[in-house]
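Next come the chains, spelled out residue by residue.
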Amino acid sequence: MTSVGAPEETRQGAELAVWFGGASLACWLCCPFWILVSFVALPLALAGLVRARVEYRASKSGRASRPRAVVGAALSLLGAAAAITYMVFSARHPGLPVQG
C-alpha cells in the first residue's frame, strides 16, 4: 500500500480494482469464443473483487480512492456474474454450440 502523503501517480498505480474489473468485462467484447472467455474473465473478476475490498478498506485511512474501489467492485461483479451465467448456461444446454 502507499502512504497517506504519496503522490497521485503512486496512489493511482496502486488502485487496480478498476483495471481488473474492466479487463473482465472487456474480454466479453473482444473475443467471440465465450466459453474460453469465461475461464479468463472469472479469475480476473475475482481478483478485481478481492482488490476492490482491499482498496475500500484502504480508503478509510485515505490511502486509496473510495469511488474507484466501488467502481472496480461493480465492474468485477458484472464480469463474474457474466462468466458464471455463461458457464451455467453452457452446462445446462450441452447440445448448443459454445460460441457466442
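Our structure's up above, just so we're on the same page.
Keep in mind that this is a model prediction, so the values were computed, not measured.

We now examine the pattern of salt bridges. Two side chains bearing opposite charge may form a pair once their charged atoms approach each other closely. Applying the stated rule across the entire model yields one salt bridge. Taking the shortest distance from any N to any O, the salt bridge between Arg-51 and Glu-55 comes out at 3.2 Å. With Arg-51 and Glu-55 both in helix H3 (residues 34-59), this residue pair falls four residues apart, about one helical turn.

We now examine the packing of helix H2 (residues 17-30) against helix H4 (residues 66-92). Where H2 meets H4, the axes come as close as 7 Å, and the angle between the chain directions of the two elements is 30°. With respect to each other, H2 and H4 are oriented roughly parallel. The hand of the H2/H4 crossing is left-handed. Residues Ala-17, Val-18, Trp-19, Phe-20, Gly-21, Gly-22, Ser-24, Leu-25 and Trp-28 of H2 touch H4, and the partners they reach there are Arg-68, Val-71, Gly-72, Leu-75, Ser-76, Leu-78, Gly-79, Ala-82, Ala-83 and Tyr-86. Partitioning the contact of H2 with H4 into residue classes produces twelve nonpolar, six polar and one charged.

Before going further, it helps to spend a moment on H4. Given a rise of 1.5 Å per residue, 27 residues ought to cover 39 Å, and the 39 Å separating the end C-alpha atoms of H4 matches this to within 8%. When we look at burial in H4, the residues that qualify are Ala-69, Gly-72, Ser-76, Gly-79, Ala-80, Ala-83, Tyr-86 and Ser-90. Contacts made by the buried residues of H4 are with H2 and H3.

One finds Cys-27, Trp-28, Val-37, Ala-41, Leu-42, Ala-45, Ala-80, Ala-83 and Tyr-86 forming the largest nonpolar core, which totals nine residues. For this core, the secondary-structure elements that each account for two or more residues are H2, H3 and H4. Sorting elements by how many residues they give to this core places H3 first, with four residues. Not counting residues within four places of it along the chain, the set of residues in contact with Ala-41 comprises Ser-24 and Trp-28.

Here the focus is the packing of aromatic side chains. Applying the stated rule across the entire model yields four aromatic pairs. Relative to Tyr-86, the ring of Trp-28 lies with its centre 6.2 Å away and its plane at 70°, an arrangement referred to as edge-to-face. You can see Trp-28 sitting in helix H2 and its partner Tyr-86 sitting in helix H4, a full 58 residues away along the chain. By the ring-pair criterion, three or more aromatic residues cluster together here, those being Trp-28, Trp-34, Tyr-86 and Phe-89.

Further remarks concern the packing of H2 against H3. It is at 7 Å that the axes of H2 and H3 come closest, and there the two elements cross at 165°. Taken together, the axes of H2 and H3 are roughly antiparallel relative to one another. Our pair here, H2 against H3, has a crossing hand that is left-handed. Contacts between H2 and H3 involve Ala-17, Phe-20, Ala-23, Ser-24, Cys-27 and Trp-28 on the former and, on the latter, Trp-34, Val-37, Ser-38, Val-40, Ala-41, Leu-44, Ala-45, Ala-47, Gly-48, Arg-51, Ala-52 and Glu-55.

Moving on, we come to the environment of Pro-67. Along the chain, the position of Pro-67 falls in helix H4. Note: C-alpha distance between Pro-67 and Tyr-56 (eleven residues apart in sequence) is 8.6 Å.

Definitions and cut-offs
Residues numbered from 1 in each chain as written. Predicted model: local features only at pLDDT ≥ 70, side-chain atom pairs only at ≥ 80, totals over all residues. Heavy atoms only, no water. Salt bridge = Lys/Arg side-chain N within 4 Å of Asp/Glu carboxyl O. Helix = DSSP H or I, 4+ residues; strand = E, 2+ residues; numbered from the N terminus. Axes fitted to C-alpha atoms, helices over the stretch in contact; angles between N-to-C directions. Parallel < 35°, antiparallel > 145°, perpendicular 65-115°, else oblique. Left-handed = near helix turned anticlockwise from the far one by under 90°. Contact = heavy atoms within 4.5 Å. Nonpolar A, V, L, I, M, F, W, Y, C, P; charged D, E, K, R; others polar. Expected span 1.5 Å × (residues − 1). Buried < 20%, exposed > 50% of the residue type's maximum accessible area, 1.4 Å probe, protein only. Core = buried A, V, L, I, M, F, W, Y, C linked by side-chain atoms within 4.5 Å. Phe/Tyr/Trp six-rings, centres within 6.5 Å; stacked < 30°, edge-to-face > 60°.

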